[in-house]
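# Secondary and tertiary structure notes
Okay, here's what each chain looks like letter by letter:
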Amino acid sequence: AKQNANDYGDIQAQLDNFAKTFRTVNNPYRYRVFGGASEALNTLTDDEANFSAQRTLLFNQIARKLGGEKGVLSDKDIARVEAALPKLSDTYEQKMAKMNAVYDLLSIKRGSANQAVNNVSANYDDGWAF
């Protein structure tokens with residue numbers, strides 16, 4: 001339980017860093033028109049490449065830790081996480097709305113993990129031994 005609580009703190013830091021990139025990649029029309037071609041041709045700017053890299057790194061963390069997925073991710077699992085994460089083609093407001101939903105899920109998971117840690121600590125303090 002304590003490891004889960006620590007993991008959620010790490011995810012929080014990753015999400016915060018990812019959200020900081022939103023202002024530097026705030027041209028959704030460019031990404032809607034040229035986004036796929038830019039990635040395919042490797043012509044992303046440094047900020048766009050950073051955004052994409054952070055998004056990819058968060059993808060697995062969110063699926064595994066926040067979504068509770070185990071084993072090989074199914075196409076449905078991937079599509080669900082894909083839809084939840086901001087894309088280059090989203091407006092700043094859309095990116096923030098998606099991030100707020102992810103932050104809400106993180107808050108719920110973190111609260112559960114912290115409660116589990118508190119329960120174990122309370123039981124141990126009451127003389128319950130492992």
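Residues numbered from 1 in each chain as written. Predicted model: local features only at pLDDT ≥ 70, side-chain atom pairs only at ≥ 80, totals over all residues. Heavy atoms only, no water.

## Quick look at the nonpolar core
Counting 24 residues, the largest nonpolar core has Leu15, Phe22, Ile62, Leu66 and Met99 as its most contacted members. Elements supplying a minimum of two residues to this core: helix H1 (2-20), helix H3 (46-66) and helix H5 (92-125). Broken down by element, the residue count for this core peaks at 6 residues, all from H3. (Core = buried A, V, L, I, M, F, W, Y, C linked by side-chain atoms within 4.5 Å. Buried < 20%, exposed > 50% of the residue type's maximum accessible area, 1.4 Å probe, protein only. Helix = DSSP H or I, 4+ residues; strand = E, 2+ residues; numbered from the N terminus.)

## Observations concerning the packing of H3 against helix H4 (residues 75-84)
As a packed pair, H3 and H4 sit with axes 10 Å apart at the nearest point and diverge in direction by 125°. On the basis of the axis angle, H3 is oblique to H4. Both H3 and H4 take part in a crossing whose hand is right-handed. Facing Arg55, Phe59, Ile62 and Ala63 of H3, the residues of H4 in contact are Ile78, Val81 and Glu82. In terms of residue class, the contact of H3 with H4 is built from 5 nonpolar, no polar and 2 charged. (Axes fitted to C-alpha atoms, helices over the stretch in contact; angles between N-to-C directions. Parallel < 35°, antiparallel > 145°, perpendicular 65-115°, else oblique. Left-handed = near helix turned anticlockwise from the far one by under 90°. Contact = heavy atoms within 4.5 Å. Nonpolar A, V, L, I, M, F, W, Y, C, P; charged D, E, K, R; others polar.)

## A few points about the packing of aromatic side chains
Considering all chains together, one arrives at 3 aromatic pairs under this definition. Centre to centre, the rings of phenylalanine 18 and phenylalanine 51 are 4.9 Å apart; their planes meet at 35°, and the pair counts as tilted. With phenylalanine 18 in helix H1 and phenylalanine 51 in helix H3, this pair connects stretches of sequence that are 33 residues apart. A relative accessible area of 0% means that phenylalanine 18 is categorised as buried. Both rings, one in phenylalanine 22 and one in phenylalanine 51, keep their centres 6.0 Å apart while their planes meet at 55°; by these two values the pair is tilted. (Phe/Tyr/Trp six-rings, centres within 6.5 Å; stacked < 30°, edge-to-face > 60°.)

## Things to note about the pattern of salt bridges
Side chains bearing opposite charge may pair, as long as their charged atoms lie close to each other. On inspection of all chains with the given rule, the structure shows 2 salt bridges. Residue glutamate 82 is joined to arginine 55 by a salt bridge in which the shortest nitrogen-to-oxygen separation is 3.2 Å. Pair noted here: glutamate 82 is in helix H4 and arginine 55 is in helix H3, with a separation of 27 residues, a long-range link. Owing to a relative accessible area of 33%, glutamate 82 belongs among the partly exposed residues under this scheme. A salt bridge links aspartate 90 to lysine 98; the nearest nitrogen and oxygen atoms lie 2.9 Å apart. Aspartate 90 sits in the buried class, given a relative accessible area of 6%. (Salt bridge = Lys/Arg side-chain N within 4 Å of Asp/Glu carboxyl O.)

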